[in-house]
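# Coordinate inspection notes
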Amino acid sequence: MKARTPLYIQILLTFGLVWFAFEMFAPDSGYFSNILFWLSQIIGLLVTLIVKSVGDLTEIKYFKSLSEEDKKAYVALQKMPFFKRLWDSAVKKQSVKEENAIIIDHGFDGITELDNSLPKWWLGLFYFGCIYCVIYMFAYAFSDFAHQEKEYTKEYTSQLASIEEYEKTAPKITLETAKYSAEDAKEGEELFKSNCVSCHGDGGKGGIGPNLTDQNWINHEEKSVFKNVYWMLENGSPNNPAMRAFIKDGTISPRDAEKISSYVYHINQEVAPITVKEGGAAPQGDPVKWEE
Ligand code: HEC
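What counts as what
Residues numbered from 1 in each chain as written. Predicted model: local features only at pLDDT ≥ 70, side-chain atom pairs only at ≥ 80, totals over all residues. Heavy atoms only, no water. Helix = DSSP H or I, 4+ residues; strand = E, 2+ residues; numbered from the N terminus. Rg over C-alpha atoms; globule rule 2.2 N^0.38 Å. Contact = heavy atoms within 4.5 Å. Areas by Shrake-Rupley, 256 points an atom, 1.4 Å probe, with all protein chains shown as cover. Lys, Arg positive; Asp, Glu negative; His and termini not counted. Charge placed at Lys NZ, Arg CZ, Asp CG, Glu CD. Buried < 20%, exposed > 50% of the residue type's maximum accessible area, 1.4 Å probe, protein only. Polar contact = N/O pair within 3.5 Å; in protein donor to acceptor, adjacent residues only side chain to side chain. Arc of directions from axis to C-beta. Near = heavy atom within 4 Å. Pairing = 2+ DSSP bridges. Donors = N, O, S within 2.8 Å, 3.2 Å for Na, K, Ca; no water. Tetrahedral: all angles 85-135°; square planar, octahedral: opposite > 155°, others 65-115°. Core = buried A, V, L, I, M, F, W, Y, C linked by side-chain atoms within 4.5 Å.

Within the protein one finds 11 helices and four strands. Here the C-alpha atoms of the protein give a radius of gyration of 38 Å, more than 25% beyond the 19 Å that 2.2 N^0.38 yields for 292 residues. C-alpha extents for the protein along the principal axes are approximately 115 × 60 × 30 Å. In the protein, the share of contacts with a sequence separation of at least 24, taken over all contacts with a separation of at least 6, comes to 61%. Carbon and sulfur atoms make up 63% of the accessible area of the protein, which amounts to about 20400 Å² in all. Charge separation in the protein, taken as the distance between the mean sites of 30 positive and 40 negative side-chain charges, equals 10 Å.

Here it is in structure tokens:
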């Protein structure tokens with residue numbers, strides 16, 4: 001008879017399996033504080049204890065039938081620590097005598113075959129795999145576990161909710177509160193490339209839309225370049241519908257408009273203008289002296 005798995009390992013395994021099943025069938029349900037979870041654990045524990053007692057009875061009966069020598073060997077094996085036994089069963093080589101006992105009575109060309117029993121770790125993995133497979137199939141069929149689409153929808157919804165939460169608390173950006181920052185100007189460059197370059201040219205040098213690097217402006221609704229650009233993004237051009245009201249029509253968010261306005265401020269106020277000689281569009285509108 002094989003040495004038996006100690007009770008504490010069996011209890012740990014049962015606990016793990018029940019936990020695993022809850023994780024698959026009721027993830028995120030806060031099952032740790034749910035009475036059902038602990039009831040299932042207690043039932044699992046009771047079943048383990050019953051199986052253990054039945055095992056004990058068979059063991060006693062079997063033990064009595066052994067010869068003195070075998071009894072000693074069995075007791076010695078039982079005393080060996082579980083993990084050492086497991087390790088030995090994985091790596092121990094048989095002696096020639098043991099091999100002779102399990103050699104199979106057929107061979108070819110001098111090659112013979114041994115009727116080895118499978119190593120414990122292999123059997124353990126195999127049984128674990130089988131149990132996992134059954135639980136997985138049920139979980140897949142009857143719960144939301146492992147459904148990519150459902151997991152995606154769940155995550156997506158929770159992300160949307162957290163964005164909404166953030167926007168509730170984040171300060172609202174408006175024409176009054178928007179302000180320039182050098183960091184925004186850097187991020188604004190990318191946004192300018194994807195939203196504005198088609199009309200205002202690389203670096204704002206002008207094209208269909210006016211050159212944004214020079215000091216002439218068709219529209220001057222505000223006192224600073226930064227606010228003026230923000231105003232244009234919010235309201236669009238009063239003269240030319242090509243320059244749309246990007247914020248109002250929902251193309252860009254107020255926060256992105258703040259970044260883009262910072263970038264346009266940068267190319268207009270902090271670096272040299274792109275002149276006609278350098279491929280820029282000719283100035284349009286009136287020269288403006290900004291107040292801020
Ligand atoms: C479809 C082409 C087009 C796109 C895209 C566009 N604009 Fe314009 N924009 C124009 C035109 C045309 C004008 C001139 C409007 C006028 O005559 O009043 C203009 C004017 C402006 C002005 C005022 C310039 C002045 O001299 O009065 C600013 C600032 C501006 N755009 C910024 C932007 C920014 C920032 C973006 C990107 C979010 C953008 N535009 C995207 C075509 C466009």
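On to the side chain of Arg4, then. With respect to the secondary-structure elements, Arg4 resides in the segment before helix H1 (7–25). Among the residues examined, Arg4 registers a relative accessible area of 17% and is labelled buried. A polar contact is formed between the side chain of Arg4 and the side chain of Glu59, at a distance of 2.9 Å. Discounting chain neighbours no more than four positions away, the residues touching Arg4 are Lys52, Gly55, Asp56, Glu59, Tyr74, Gln78 and Arg85.

Let us look at helix H4 (residues 82–91). Listing the buried residues of H4 in full gives Phe82, Arg85 and Asp88. For H4, the buried positions fall inside an angular range of 125 degrees around the axis, keeping them on one side. Across from the buried face of H4, at angles greater than 90 degrees, the exposed residues are Phe83 and Trp87. Looking at the buried side of H4, the elements it contacts are H1 and helix H3 (68–79).

By nearness alone, 22 residues border the ligand, and Cys196, Cys199, His200, Ser237 and Met243 come closest of all. One of the side-chain nitrogen or oxygen atoms of His200 is found 2.7 Å away from a nitrogen atom of the ligand. In this structure, an oxygen atom belonging to the ligand sits 2.9 Å away from a side-chain N or O atom of Asn239. At the level of elements, helix H9 (197–200) and helix H10 (225–235) are the ones that each hand at least two residues to the shell around the ligand.

What follows deals with the pairing of strand E2 (residues 111–114). The two faces of a sheet get side chains in turn, since along a regular strand they alternate between them. One ladder, built from three bridges, connects strand E1 (residues 103–108) with E2; its direction is antiparallel. Within E2, the residue paired with Phe108 across the bridge is Ile111.

The coordination sphere of the iron atom of the ligand, as far as protein atoms go, consists of His200 (NE2) and Met243 (SD), spread over 2.0 to 2.2 Å. Considering all six donor atoms around the iron atom of the ligand, angles at the metal cover 87 to 178 degrees and the coordination shape is octahedral. With His200 in helix H9 and Met243 in the loop between H10 and helix H11 (254–270), the pair connects residues that are 43 residues apart, well separated along the chain. Take His200: its relative accessible area is 10%, and that puts it in the buried class.

Once that is clear, we can look at the nonpolar core. If you look at the biggest cluster of nonpolar residues, it comprises 25 residues, and the most contacted ones within it are Phe192, Leu233, Ile252 and Ile260. Elements with a contribution of two residues or more to this core: helix H8 (182–195), H10 and H11. Per-element tally for this core: the top contributor is H10, with seven residues. Discounting chain neighbours no more than four positions away, the residues touching Phe192 are Val197, His200, Gly201, Gly204, Leu212, Ile260, Tyr263 and Val264.

Once that is clear, we can look at the pairing of E1. With respect to burial, E1 is a largely exposed element, only zero of its six residues being buried. From the end of E1 to the start of E2, which pair antiparallel, there are two residues, and Asp109 there has a positive phi angle of about 55 degrees.

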